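# Residue-level structural notes
Spelled out, the chains give:
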Amino acid sequence: MDLISRTVEFVKSLSADDFSGHDWWHVSRVYRLSKFIAEKENANMFLVSMAALLHDVDDWKLNKHESFRAKEWLIQCDLDKKIQNEILKIISEVSFRGSGEVIIPSTIEGKIVQDADRLDALGAIGIARTFAYGGANKREIYNPEQAPEIHKTFDEYKSKQSHTINHFYEKLLLLKDLMNTETAKKLAIKRHQIMVSFLDDFNAEWNVGSENI
Ligand code: NI
């Protein structure tokens, strides 16, 4: 088996019990989307593929404690040390850490995987994942008494247990303007629009009859 296929099997085995929207199928979509963007942007396909496959295995949302699964896997694969470090650097630069700590990746490969990960948080799939994540974390779907707020630090963002609709206003609707590559910017426009019209419909349905109270 080649390295990519072995890495696919490794990641599948780790994410079998995830119901928070970070399951294997999320990784699979990010992997395909990353390769699609990489082709258009002339990036290193191997680095993009490996980083996309491993981008969530040490994510703070999935693990209670700090882990080094990606690093340990790359060592086990006996990859060249320089390439290992390039892949690990991409992964570390990819995650969104709350509004105050946005990292712009330093390489085109990092920019692509970050774009693909963010695109999977948008649109119809983004909506489905957001509610799955909210449910898995015991969040209300919506609470009209809690207005959205933009968090200044990663810790604040992480500790606030707001309802799921707020997550659209606090994070997801901001992502369209944070895309790095031209290819992702184009893909993000439609996905953004789907969320805007979903929120319009959600609010309209929620408020039916409220003018009569
Ligand atoms: Ni991800």
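Residues numbered from 1 in each chain as written. Predicted model: local features only at pLDDT ≥ 70, side-chain atom pairs only at ≥ 80, totals over all residues. Heavy atoms only, no water.

## Brief notes about the overall build of the protein chain
The secondary structure content of the protein chain amounts to 10 helices and zero strands. Written out in order from the N terminus, the α and β elements of the protein chain read α-α-α-α-α-α-α-α-α-α. When each of the 213 residues of the protein chain is scored for burial, the buried share is 46%. (Helix = DSSP H or I, 4+ residues; strand = E, 2+ residues; numbered from the N terminus. Buried < 20%, exposed > 50% of the residue type's maximum accessible area, 1.4 Å probe, protein only.)

## Digging into the packing of aromatic side chains
Under the defined criterion, the tally for this structure stands at eight aromatic pairs. Geometrically, the ring pair formed by Phe 10 and Trp 73 is stacked, given 4.3 Å between the ring centres and 5 degrees between the ring planes. Taken together, the positions of Phe 10 in helix H1 (residues 3–14) and Trp 73 in helix H4 (residues 69–76) put the pair 63 residues apart, joining distant regions of the chain. Of the two residues examined, Phe 10 and Trp 73, each falls in the buried class. With centroids separated by 5.9 Å and ring planes inclined at 40 degrees, the aromatic side chains of Phe 131 and Phe 168 adopt a geometry described as tilted. Placement of the pair is Phe 131 in helix H7 (residues 123–136) and Phe 168 in helix H9 (residues 164–170), with a sequence separation of 37 residues. An aromatic cluster of at least three residues, connected via ring pairs, comprises Phe 131, Tyr 142, Phe 168, Phe 198, Phe 202 and Trp 206. (Phe/Tyr/Trp six-rings, centres within 6.5 Å; stacked < 30°, edge-to-face > 60°.)

## Considering the nonpolar core
Grouped together as the largest cluster of nonpolar side chains are 48 residues, with contacts concentrated most on Val 11, Met 50, Leu 53, Leu 54, Ile 87, Leu 119 and Leu 122. Those elements that provide at least two residues to this core are H1, helix H2 (24–41), helix H3 (45–54), H4, helix H5 (81–94), helix H6 (108–119), H9 and helix H10 (182–206). In this view, Val 11 contacts Trp 24, Val 27, Leu 53, Leu 54 and Val 57; residues no more than four positions away in its chain are not counted. (Core = buried A, V, L, I, M, F, W, Y, C linked by side-chain atoms within 4.5 Å. Contact = heavy atoms within 4.5 Å.)

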